[in-house]
Amino acid sequence: MTTYLLRNASILGGETTDLLLADGVVAAVGPDLAAGPGADGATVVDATGLLALPGLVDLHTHLREPGREDAETVDTGTRAAAMGGFTAVHAMANTEPVADTAGVVEQVWRLGREAGHCDVFPVGAVTVGLAGERLAELGAMADSAARVRVFSDDGRCVSDAVLMRRALEYVKAFDGVVAQHAQEPRLTEGAQMNEGELSGRLGLTGWPAVAEEAIIARDCLLAAHVGSRLHVCHVSTAGSVQIVREAKARAAREGGWEVTAEVCPHHLLLTDELAATYDPIYKVNPPLRTAADVEALRAGLADGTIDVVATDHAPHPHEDKDCEWAAAAFGMLGLETALSIVQETMVDTGLLDWAGVAERMSAAPARIGRLAEHGQPLTVGAPANVVLYDPAVRRVVDPATSASLSRNTPYRGMELPGRVVATFLRGTPTVLDGALV
Amino acid sequence: MKRHLLSAADLTRDDAELVLRTAAELRSLADRPIKKLPALRGRTVVNLFFEDSTRTRISFEAAAKRLSADVINFAAKGSSVSKGESLKDTALTLEAMGADAVVVRHGASGAPHRLAHSGWVRSSVVNAGDGTHEHPTQALLDAFTLTRHLGAADGGGLDGRRVAIVGDVLHSRVARSNALLLQTLGAEVTLVAPPTLMPVGVGSWPVETSYDLDAVLPKADAVMMLRVQRERMSGGFFPTPREYSRRYGLDGRRMATLQDHAIVMHPGPMVRGMEITADVADSPRSVIVEQVTNGVAVRMAVLYLLLSGADLSADAPLLPTESAPA
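### Observations concerning the layout of surface pockets
All names here are of chain A. Estimated volume of the second largest pocket: approximately 600 Å³. If you trace the second largest pocket, you find 27 residues lining it, with Arg64, Asn94, Gly155, His316 and Phe330 closest to the centre. In terms of residue class, the lining of the second largest pocket is built from 10 nonpolar, 10 polar and seven charged.

### Here we look at the interface of chain B and chain A
Contact residues are listed per partner, giving 18 residues for chain B and 19 residues for chain A. Both faces combined, the contact of chain B with chain A buries some 1,400 Å², and carbon together with sulfur accounts for 53% of it. It is Ser109, Arg114 and Val200 of chain B in chain B that bury the most area against chain A; as a group they hold 37% of the surface buried on that side. Our count for the contact surface shared by chain B and chain A stands at three salt bridges. Linking Lys88 of chain B and Asp322 of chain A is a salt bridge whose minimum nitrogen-to-oxygen distance equals 2.5 Å. Our count for the contact surface shared by chain B and chain A stands at 11 residue pairs in polar contact (both at pLDDT 80 or more). Where the side of chain B that touches chain A is concerned, the elements lending two or more residues are helix H3 (87–96) and helix H4 (111–117) of chain B. Here the side of chain B that touches chain A takes three residues from H4 of chain B, the largest share from any one element.

### Overview of the sheet that holds strand S9 (residues 263–265) of chain B
Residue and element names in this part refer to chain B. Judged by pairing direction, the sheet is parallel, and its five strands sit side by side in the order S7-S6-S5-S8-S9 without closing on themselves. The open sheet has two edge strands, strand S7 (208–210) and S9, and neither has a second partner. For this sheet, the mean angle separating the axes of adjacent strands, direction not counted, is 20°. Note: strand S8 (residues 222–225) against S9, three bridges, orientation parallel. Paired with Ala222 across the two strands is Ile263, which belongs to S9.

### Considering the packing of helix H1 (residues 13–27) of chain B against helix H12 (residues 288–308) of chain B
Residues and elements named next belong to chain B. Look at H1 against H12: their axes get within 8 Å of each other, and the N-to-C directions meet at 115°. The orientation of H1 with respect to H12, classified from their angle, is roughly perpendicular. Once H1 is placed against H12, the crossing between them reads as right-handed. When H1 is examined against H12, the residues Leu18, Val19, Thr22, Ala23, Leu26 and Arg27 are found in contact with a partner set consisting of Glu290, Thr293, Asn294, Ala297, Val298, Met300, Ala301, Val302, Tyr304 and Leu305.

### Looking at the domain arrangement of chain B
Residue and element names in this part refer to chain B. Taken domain by domain, chain B consists of domain 1 (8–134 + 291–308) and domain 2 (136–289). Between domain 1 and domain 2, the C-alpha centre-to-centre distance is 25 Å. Listed by partner, the interface residues are 33 residues for domain 1 and 33 residues for domain 2. When the area that domain 1 buries against domain 2 is broken down by residue, the three leading residues are Arg13, Leu20 and Gln291, summing to 29%. At the boundary of domain 1 and domain 2, one finds two salt bridges. Asp159 serves as the salt-bridge partner of Arg13, at 2.9 Å between the closest nitrogen and oxygen. Listed by contribution, the elements that provide at least two residues to the side of domain 1 that touches domain 2 are H1, helix H2 (54–66), strand S3 (101–106), strand S4 (124–130) and H12. For the side of domain 1 that touches domain 2, the per-class residue count stands at 13 nonpolar, 11 polar and nine charged.

Criteria and cut-off values
As a convention, each chain's residues are numbered from 1 in the sequence order in which they are written. Chains and ligands are labelled by the order in which they are written, letters from A for the one and numbers from 1 for the other. Residues qualify for local features only when their pLDDT is at least 70, as the model is predicted, and side-chain atom pairs are given and counted only at 80 or more; totals for whole chains, interfaces and linings, by contrast, use all residues. For the side-chain quantities, the full set of heavy atoms in the structure was used; hydrogens and water were omitted. A pocket here means an open set of points on a 1 Å grid, computed over the protein atoms alone, that has protein on both sides within 12 Å along at least five of seven lines. A cavity is instead a set of points where a 1.4 Å probe fits but cannot get out; residues with an atom within 4 Å of a point line either one. Grid points are joined across faces, edges and corners, and a volume is the space filled by probe spheres set on the points. Lys, Arg, Asp and Glu make up the charged group, whereas Ala, Val, Leu, Ile, Met, Phe, Trp, Tyr, Cys and Pro make up the nonpolar group; the residues left over, Gly among them, are polar. Between two residues, a contact is recorded if the distance between any of their heavy atoms is within 4.5 Å. Accessible area that two parts lose when put together, evaluated with a 1.4 Å probe and summed over both, is termed the buried area. Salt bridge, as used here, is a side-chain nitrogen of Lys or Arg placed within 4 Å of a carboxyl oxygen of Asp or Glu. Under this definition, polar contacts are N or O atom pairs within 3.5 Å; protein pairs additionally need one hydrogen-donor-capable and one acceptor-capable atom, and for neighbouring residues in sequence, both atoms have to be side-chain atoms. Comment: elements are numbered from the N terminus, with helices defined as DSSP H or I runs of at least four residues and strands as E runs of at least two. Criterion used throughout: strands pair if DSSP finds at least two bridges between them. Note on geometry: axes are C-alpha line fits, over the in-contact stretch for helices, and angles between N-to-C directions span 0 to 180 degrees. Throughout, the term roughly parallel applies to angles under 35 degrees, roughly antiparallel to angles over 145, roughly perpendicular to angles from 65 to 115, and oblique to all others. By the definition used in this description, the sense in which the near helix is turned from the far one sets the handedness, with an anticlockwise turn below a right angle giving left-handed and a clockwise turn giving right-handed. Residue ranges for the domains originate in an automatic or database domain assignment.

Written out as structure tokens, the structure is:
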């Protein structure tokens, strides 16, 4: 196994140092390691001017395989993940067939291992076929080779209160977490975009903030009642941030239950004004919200109310976006641009430092997913999951260069800061010099 | 004028008045024995209708034919669209056939906008009604009708005139386009609906709103009744059709509270007995049939102005004099 010596990197934006990656772990950290033990014969990577961050962990990725290999495969999706600096992704369950059995989650897990670009941790469906009627075999998925800990019907809300209660209770047996797609279904029938002044003007059916907030409030109360772990997917409104903030304060007082939350990069940057183009490249669920929501989400991420940035990377084939708004699919690509968007919205604005970014994009998602080998600080003995990132360059997003099979990025033509230069998975590079290995 | 007519918001006051002036000239054609002009000879207009709409399609068809354009009618039912062909492929097909203008009616809000801006077609796009978004030519024909009855003697706009638009504003593309256009022309618009049928954010529209029809009628110069679609009646937006009629329907008693000069309008098709009673629809105040006649003239004006590329000024008459051969 090749040994890598990363020269003059700045860990989390601190003093420059060298890192020696050997045998899958961080073997040494310190100045001038070239002369030190173990560095003989090491491949040197000049990391001058680059940040070293722990490999990123995505709690929310759609890899589309099995079933929609025309949109993405485990192989192409994890290539995109590696290019974005990720060393682990959680693959959502809404595949065809649905990942609601041990067989399907093991298949996805194996495909991830074979591809080798990053670790793939399948998310198990909460209910059979995502139908919201009866629990899937959560225990079998937890005990499988895929070792599932995160369960979600993402794309659909577990709206039945009793079913949600049972799911929260049941996953306690194996320290699982229920990741809820908070969307009250009756309030969002036919919903196309954020409900507000603009939806009324554009004649597009509104997706009101209350449909998200009502479910989050209910689920927090349920999690407290049964003493379990709730994770809230893609929080998108100012009201949701406030509800999670209050719930966390209560959980901290009481103990015995926990709520965590994630925000997507696009909700940190883009607003519903983009729907006025009627270009469904901006159609996503939950929808892009207002500038005031964006501000509240950034503040919530900064103060820790929101634990995690998760991409909700949602590839779709060209024809599913090259049509009228109502006929188009929900979702946008996210893996390759996530770190740049977080830099743009959180770091360059002074809301978060790089240690905070590592917490939100690596440590916290790994903790929620109960991943032992990811999200650890870059200290001696830690798994050598490292991303080298150049925050000083700017680049224009070109969908044609994406490693994903799909091209549905809303950032097309946009200039963003930063670039992933290298990604190491257990000491092996998956990306070097900004290109896939 | 812009190359497309997608929204009433695309029209400046000058644009709108140009269309209305042109329509006034063209309307006089209807009184001539030969109702045809050579203005668009050799041009092709495609009526692309993804939703049933006999009256709007016929109106556009008559308008295009009276300008001597070739007309292709493409109705989604019984066509390749029902076999799953996309809007894009349909558009590309029509483009390949050499359409100069595409008149599109679609159930999805923004579909004409997509046609015009996605690079699929080069032709002019006219929105003939998209989802619950807009129906700009309906607003133009309504404005034309209002101007004929209420407009200033100098043929100008509708400054200070009060227009009440009553009914299912939430789902109405007619209401949206009229709210924009009538305000552009100087009228004061009041939207009247039960709160459940008022759009979210209507407070930021350039209109007044009211839940009380009886309070609005005595001040109105015109009242425009909107159809309540059958599928909304059981949608929980109001308790029963009877209650809706009692609170928001226009009957003889309510009509009697209107000012003497006030007119009653309806974009059709009407649900008699629901939002409007038969005696009101057939009364002398009703200009509903005239709206249809005006619709052809207004659509002729729109097609002419979009396709001829002419910057029609007031002193360049479009019509030949009465004695000249038409």
